[in-house]
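# Structural characterization, general
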Amino acid sequence: MGWLFYTDGRVQTYADEKAEITRLCTSHGDTRKTELVKACKLGSTWYAAARVTNCDGTPVEDATYVTDADGSITFGAVFLTRYDDGCWGYKDMEESTGPNESCAPLGLIALLYDLKDPDSYAQDWRQRCRDWASIPDYDEGDKIRLAKPVTLTDGSTCQIVTATHYRRGRQKRRCYRIEETGGLVRLSKASLAGSELLSSAKGAASPVLAEFLAGQKP
């Protein structure tokens, strides 16, 4: 399915988007109904868990999902969203179609029902979400070895870095100090996958903070 854009301006805010995602995940037909269980937004992508039940109370028969004891199934969905000339649009994908975006939080993944095929696209998507969630969120001063060297815009590489930050106006932004040069670099969360903590800032003074304090006037 392609993109669908709304030209009537009904979606302008986060609350508008969530309301529309809820509407898209809600339906009530003659035999089945679908309702939103949970939705969350990361970047411009919405992740949703939706439950399907039969109106007459009989178990839902489905080729992909194992039916729960109450007769329902709960599946995952991904909604890509963007604004184009002020118009909000979305592209929706069910988890079994193998969406590329795979950053759904573990709390949402835990709501989804078991899959009948262990090698399905949905199983792979769920595992990629779990892998994403397992990437560490390092503390200020932690020294890290990346799983593989990262190539910078000037052609150089870095692999051992220390978590620190810089300020832009009132905003505090995470960056990393390169071990070899002392320069600062922004790293994506994906580049931290498989990284190793060499030394922790917890229980010891952060070397970055110590360097900063040493340069301050008494």
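Just so you know, these numbers come straight off a predicted model, no measurement behind them.

Conventions we followed
- Residues numbered from 1 in each chain as written.
- Predicted model: local features only at pLDDT ≥ 70, side-chain atom pairs only at ≥ 80, totals over all residues.
- Heavy atoms only, no water.
- Pairing = 2+ DSSP bridges.
- Helix = DSSP H or I, 4+ residues; strand = E, 2+ residues; numbered from the N terminus.
- Contact = heavy atoms within 4.5 Å.
- Axes fitted to C-alpha atoms, helices over the stretch in contact; angles between N-to-C directions.
- Phe/Tyr/Trp six-rings, centres within 6.5 Å; stacked < 30°, edge-to-face > 60°.
- Buried < 20%, exposed > 50% of the residue type's maximum accessible area, 1.4 Å probe, protein only.
- Lys NZ or Arg CZ within 6 Å of the ring centre and 35° of its normal.
- Salt bridge = Lys/Arg side-chain N within 4 Å of Asp/Glu carboxyl O.

Below, the discussion takes up the sheet that holds strand 3 (residues 32-42). Read across the sheet, six strands follow the order 1-6-5-4-3-2 without closing on themselves; strand pairing throughout is antiparallel. The two strands at the open ends of the sheet, each matched to only one other strand, are strand 1 (4-5) and strand 2 (27-28). Of the pairings in the sheet, the one linking strand 5 (residues 73-84) to strand 6 (residues 87-94) comprises eight bridges and is antiparallel in character. When the bridges of strand 6 are listed, Arg82 appears paired with Gly89. Against the sheet, helix 1 (residues 14-24) contacts strand 3, strand 4 (45-54), strand 5 and strand 6, and its axis sits at roughly 150 degrees relative to strand 3.

Next up on the list: the sheet that holds strand 9 (residues 171-178). Sheet architecture is open: five strands sit in the order 10-9-8-7-11, paired in antiparallel fashion. Two strands close off the open sheet at either side, each with one partner strand: strand 10 (184-185) and strand 11 (196-199). As paired strands, strand 9 and strand 10 are joined by two bridges and run antiparallel to one another. Looking across to strand 10, one finds that Tyr176 is bridged to Val185.

Now for the packing of aromatic side chains. Counted by the stated rule, this structure contains eight aromatic pairs. Taken together, a centroid distance of 5.8 Å and an interplanar angle of 35 degrees make the contact between Trp88 and Tyr90 tilted. Using a relative accessible area of 7% as the deciding quantity, one classes Tyr90 as buried. Taken together, Tyr6, Phe79, Trp88 and Tyr90 form an aromatic cluster joined through their ring pairs. The ring of Tyr6 has Arg10 sitting right over it, with the charged end atom 4.2 Å from the ring centre.

In the Ramachandran plot, Asp85 falls in the positive-phi region, its phi being about 55 degrees despite a non-glycine side chain. With respect to the helices and strands, the residue Asp85 is situated in the loop between strand 5 and strand 6.

This part covers the pattern of salt bridges. Charged atoms that come close allow side chains of opposite charge to pair. Summed over the entire model, instances satisfying the criterion amount to eight salt bridges. The closest approach of N and O atoms between Arg23 and Glu20, which form a salt bridge, is 2.5 Å. On the criterion of helical spacing, the pair formed by Arg23 and Glu20 is a turn pair, its members being three residues apart in helix 1. With a closest N to O distance of 3.1 Å, Asp124 and Arg128 form a salt bridge. Pair noted here: Asp124 and Arg128 are both in helix 3 (residues 121-133), with a separation of four residues, about one helical turn.

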